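# Survey of secondary and tertiary structure
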Amino acid sequence: MAKSSQVTWGSRFTAGPAELMLRFSESVSFDHRLAPFDIAGSKAHSAMLAHVGLISPKERAAIHAGLDAILAEISAGKFKWEIKLEDVHMNIEQALTQRVPAAAKLHTARSRNDQVATDMRLWFKHATTVLGEKILGTQRALLAVATANRDVLIPGYTHLQRAQPVYLAHHLFAWMEMLQRDRARLADVAAHANWCPLGSGAIAGTTLPIDREFTAKALGFVDAKGRPQVTQNSMDTVADRDLFIEFAAACATFGVHMSRIAEDLILWSSTEFKFIELPDAFCTGSSLMPQKKNPDSCELLRGKSARLQGNLHTLLTLAKGLPLTYNRDLQEDKPPVFDSFDQTALCADVLAGTIGGMTLHRERCAAAVADPALLATDLADYLVLRGVPFRQAHHAVGDIVKLAEKLGLPLNQLPTVEVQKINPAYGDDWLEVFDLKRALAKRTGTGMPGPKQVAKQFARWQKALK
Ligand code: ARG
């Protein structure tokens, strides 16, 4: 490889990199997707250079026009990416240099280290917005299903055993809370990304009279009042990969949530539960068993969550042993975050489609929730209100559960006399406890599944998800 192949840094070398080294060290095959952000960064940087008099307004204009033309070519798929130019930054700079002589001044007071940090911060702001919108879409699908099935009751589960009755909407709104926190986490990442690295240089800034605040403003790294935000330590700026970890963690946490939601959907759609029917559009059949309808979208959501966790782990391990500041290892930071973005975006859409297309088997839900044992705790509460200490009340109910099992009867079909023999605190009205509607209406506190509280949550989500 000729020495001249590395026009940006090749002059102190007598030999060019081996072909194998080029293939090994290139990142353009994956970081080319940073092009719009790299070009925005270069436009802001050159505008700043002109602002402080390091380049002329004419040179700035020529650089901007050249960059715009390159971006148009890239968007049209006509730009020729070259592996021998290593990465997105050098590909664009070289293409610009071939067209615009002033491009030789573009890298004044800049290093690829603060450049890549800037590109990624711009990318994180974009990526978190896209994912936030997609998760919002999932939440809207959830609200639609909850609204269409507002009156449906199902058993809530602990240990995968029937526990207490809830409105289906209450269960769906539990998922909603998880997704809401995922959106908040992404917004936090966006806020953390909102500091401009440019001016940090390779490690120790520059001797040239630059204006970091100007560049920050031009790129939108500003606070709520429009004041520029620039990073405060040049060494930390080029070494820091916290945002990568935070972004991957936000995606991985969403992954855990979607996986748990998927697991609920898989259970609910099984013949054993049959609470719901998943949409054909998100299921597949068996190549052998003609009767099968498999919940593949849910299973893949569960599976992909492992991949999102893996990406987080890759980034944590990548960063942990590195001395300050930049080390080339850090180039490996991009494939995991890009993969987390792509997979999270896809998963959020698939989750929205799966939830949006599901229908309820209302009679199966009604049959499951009619199990009187679900109200055993309410019966203990009934005894508490009649003066029985809770621990004794718990036993008094446990004893009649045992009796019901022995007699092979549902809890609410035991003879009152037998029940009163177990504890005289059971009044003649004890069976009223098994009125499901009444039982739910008694759950009046915030966060509980009573009808008034659920109505409040409907109002809250309708407003929040507009
Ligand atoms: N492609 C490199 C990366 O993604 C850009 C920074 C290169 N900096 C350097 N000092 N070699 O990490």
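The paragraphs below set out a description of the structure included in this document.

## What about the environment of Cys283?
Secondary-structure assignment places Cys283 in the loop between strand S3 (276–277) and helix H11 (296–320). Relative accessible area serves as the criterion here: at 13%, Cys283 is assigned to the buried category. Separated by twelve residues in the primary sequence, Cys283 and Pro295 have C-alpha atoms spaced 5.0 Å apart. For Cys283, the residues in contact, after removing those within four places along its chain, are Leu278, Lys293, Asn294 and Pro295.

## Notes on the nonpolar core
In this structure, Trp123, Phe247 and Tyr426 are the most contacted members of the largest nonpolar core, which totals 126 residues. Ranked by residue count, the leading element in this core is helix H10 (residues 242–269), at 15 residues. Once you skip the residues sitting within four places of it in the chain, Trp123 turns out to touch Leu34, Phe37, Phe247, Val337, Phe338 and Phe341.

## Some words on the pairing of strand S1 (residues 153–158)
Strand direction decides the pairing type here: S1 and strand S2 (residues 161–167), joined by six bridges, are antiparallel. When the sheet's bridge partners are listed, Pro155 is paired in S2 with Pro165. In textbook terms, the turn of a hairpin is the stretch between consecutive antiparallel strands, and for S1 and S2 this stretch comprises two residues, one of which, His159, has a positive phi near 55 degrees.

## Let's talk about the packing of helix H3 (residues 35–51) against helix H4 (residues 57–75)
Across the interface, H3 lies against H4 with an axial gap of 9 Å and an inter-helix angle of 175 degrees. If you check the angle between H3 and H4, you find them roughly antiparallel. On H4, the residues that touch Ala35, Pro36, Ile39, Ser42, Lys43, Ser46, Ala47 and Ala50 of H3 are Arg60, Ile63, His64, Leu67, Asp68, Ile70, Leu71 and Ile74. Residue composition of the contact of H3 with H4, by class: ten nonpolar, three polar and three charged.

## Focus: the site of the ligand
Neighbouring the ligand are the residues Ser27, Asp87, His89, Arg112, Asn113, Val116, Tyr326, Gln331 and Lys334. Between the ligand and the protein, one listed contact pairs a nitrogen atom with a side-chain N or O atom of Ser27 at 3.3 Å. Within the contact set of the ligand, a nitrogen atom lies 2.9 Å away from a side-chain nitrogen or oxygen of Asn113. Contact with the protein chains covers 87% of the free accessible surface of the ligand, which is 340 Å². Considering each element in turn, the shell around the ligand owes the most residues, three residues, to helix H6 (residues 112–148). Of the residues in the shell around the ligand, the class split is two nonpolar, four polar and three charged.

## With respect to the environment of Gly66
Checked against the element boundaries, Gly66 lands in helix H4. You can call Gly66 buried: its relative accessible area is 8%. As a C-alpha pair, Gly66 and His313 span 247 residues in sequence and 40 Å in three-dimensional space. When near neighbours in sequence (up to four residues on either side) are disregarded, Gly66 contacts Leu96 and Val100.

## Thoughts on the packing of aromatic side chains
Considering all chains together, one arrives at 15 aromatic pairs under this definition. Both rings, one in Trp123 and one in Phe341, keep their centres 5.5 Å apart while their planes meet at 70 degrees; by these two values the pair is edge-to-face. Taken as a pair, Trp123 in helix H6 and Phe341 in helix H12 (residues 334–356) lie far apart in primary sequence, 218 residues in all. With respect to class, Trp123 is no different from Phe341; both count as buried. Ring centres of Tyr157 and Phe273 lie 5.5 Å apart, and the angle between their planes is 50 degrees; this geometry places the pair in the tilted category. Linking Tyr157 in strand S1 with Phe273 in the loop between H10 and S3, this pair joins segments that are 116 residues apart in sequence. The exposure class assigned to Tyr157 is partly exposed, which follows from its relative accessible area of 25%. One aromatic cluster is present, built from ring pairs that chain together Trp123, Phe124, Phe244, Phe247, Phe338 and Phe341. A cation sits over an aromatic face here: Arg12 above Phe13, 5.5 Å from the ring centre.

## What to know about unusual backbone geometry
Of the consecutive residues Leu324 and Thr325, the connecting peptide bond is found in the cis state with omega at 5 degrees. Backbone geometry at Glu86 places phi at a positive 70 degrees, although glycine is not the residue there. Within the secondary structure, Glu86 is located in the loop between H4 and helix H5 (88–99). Positive phi, close to 60 degrees, is recorded for Ala109, a residue that is not glycine.

## Quick notes on the pattern of salt bridges
Pairing is possible between side chains of opposite charge, provided their charged atoms come close. In total, this model carries 27 salt bridges according to the counting rule given. One salt bridge in this structure joins Arg23 and Glu19, with 3.6 Å as the shortest N-O distance. Highlighted residues: Arg23 and Glu19, both in helix H1 (residues 19–25), separated by four residues, approximately one helical turn. With relative accessibility at 54%, the residue Arg23 sits in the exposed group. Among the salt bridges present, the one from Arg386 reaches Asp429, with a minimum N-O distance of 3.8 Å. Here Arg386 is found in the loop between helix H14 (376–385) and helix H15 (390–407), whereas its partner Asp429 is found in the loop between helix H16 (416–422) and helix H17 (436–441), with 43 residues between them in sequence. Taken together, the shared-partner salt bridges in this structure form one network comprising Glu86, Asp87, Arg112 and Arg328.

## Remarks on the side chain of Ser269
As for its placement among the helices and strands, Ser269 is situated in helix H10. Residue classification places Ser269 among the buried residues on the basis of a relative accessible area of 17%. In terms of polar contacts, Ser269 uses its side chain to reach the backbone carbonyl oxygen of Ile266, at 3.1 Å. Other than its neighbours up to four places away in sequence, Ser269 contacts Lys274, Ile276, Leu278 and Pro295.

Rules used throughout
Residues numbered from 1 in each chain as written. Predicted model: local features only at pLDDT ≥ 70, side-chain atom pairs only at ≥ 80, totals over all residues. Heavy atoms only, no water. Helix = DSSP H or I, 4+ residues; strand = E, 2+ residues; numbered from the N terminus. Buried < 20%, exposed > 50% of the residue type's maximum accessible area, 1.4 Å probe, protein only. Contact = heavy atoms within 4.5 Å. Core = buried A, V, L, I, M, F, W, Y, C linked by side-chain atoms within 4.5 Å. Pairing = 2+ DSSP bridges. Axes fitted to C-alpha atoms, helices over the stretch in contact; angles between N-to-C directions. Parallel < 35°, antiparallel > 145°, perpendicular 65-115°, else oblique. Nonpolar A, V, L, I, M, F, W, Y, C, P; charged D, E, K, R; others polar. Near = heavy atom within 4 Å. Polar contact = N/O pair within 3.5 Å; in protein donor to acceptor, adjacent residues only side chain to side chain. Areas by Shrake-Rupley, 256 points an atom, 1.4 Å probe, with all protein chains shown as cover. Phe/Tyr/Trp six-rings, centres within 6.5 Å; stacked < 30°, edge-to-face > 60°. Lys NZ or Arg CZ within 6 Å of the ring centre and 35° of its normal. Salt bridge = Lys/Arg side-chain N within 4 Å of Asp/Glu carboxyl O.

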